[in-house]
Amino acid sequence: MFIIDLTYNATIEAIEKALPEHIRYLDKHYESGCFIASGRKVPRSGGIILAKGVSREELEQVTREDPFVRDKLATVRITELAATKYHEDLNDLIL
C-alpha cells in the first residue's frame, strides 16, 4: 500500500480551477482499482491518496498524470506502507 502526499504550491483559486480535471483523474484510478481512498488535508494545504495493487514505478507514472502535479500546482511524496496490523474490517483493502 502507498500513501501519496500532495502539497499545494499554488493558490486555492488555481487549485479550484484545476479541480474538475483532478477529479476525473481520481475517478479513472478508482475505476482501475489503484486508488482506495483520498481527501483534502485539514487545513487545506494539499491532499492524501491511498493506493495499492501497483509497483512504486507504476505509481510514480500515475502521479505524473495528476493535473495538480503535471501543472506544478502541487508536489508529491510517495511513501510505501507495509501494514502489519490493522482492523479486520480493512482486510479487503489491505490484502
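Coordinates for the structure precede this section.
Presented here is a report on the structure given in the accompanying data block. The shown structure was predicted, so the numbers you read here are calculated from the model rather than taken from an experiment.

**Quick word on helix α2 (residues 56-65)**
No. 1: Within α2 the residues assigned to the buried category are Leu59, Val62 and Thr63. Buried residues along α2 cover an arc of 100° about the axis, so they all sit on one side.
No. 2: Buried-residue contacts for α2 involve β1 (2-8), α1 (12-31), β2 (35-40), β3 (46-51), α3 (67-70) and β4 (74-80).

**A word on the environment of Glu88**
No. 1: By secondary structure assignment, the location of Glu88 is in the loop between β4 and α4 (91-94).
No. 2: The class for Glu88 is exposed, based on a relative accessible area of 61%.
No. 3: Counting along the chain gives 66 residues from Glu88 to His22, while the straight-line C-alpha distance between them is 31 Å.

**A word on the packing of α1 against α2**
No. 1: Running from amino to carboxyl end, α1 crosses α2 at an angle of 150°, the nearest separation of the two axes being 10 Å. Looking at the two axes, α1 sits roughly antiparallel to α2. Contacts between α1 and α2 involve Tyr25, Lys28 and His29 on the former and, on the latter, Val62, Thr63 and Glu65.

**Structural notes on the side chain of His29**
No. 1: Take His29: it is sitting in helix α1.
No. 2: Of the residues examined, His29 reaches a relative accessible area of 6% and is grouped as buried.
No. 3: Setting aside chain neighbours within four positions, we find His29 in contact with Cys34, Phe35, Val62 and Glu65.

Conventions we followed
- Residues numbered from 1 in each chain as written.
- Predicted model: local features only at pLDDT ≥ 70, side-chain atom pairs only at ≥ 80, totals over all residues.
- Heavy atoms only, no water.
- Buried < 20%, exposed > 50% of the residue type's maximum accessible area, 1.4 Å probe, protein only.
- Helix = DSSP H or I, 4+ residues; strand = E, 2+ residues; numbered from the N terminus.
- Arc of directions from axis to C-beta.
- Contact = heavy atoms within 4.5 Å.
- Axes fitted to C-alpha atoms, helices over the stretch in contact; angles between N-to-C directions.
- Parallel < 35°, antiparallel > 145°, perpendicular 65-115°, else oblique.

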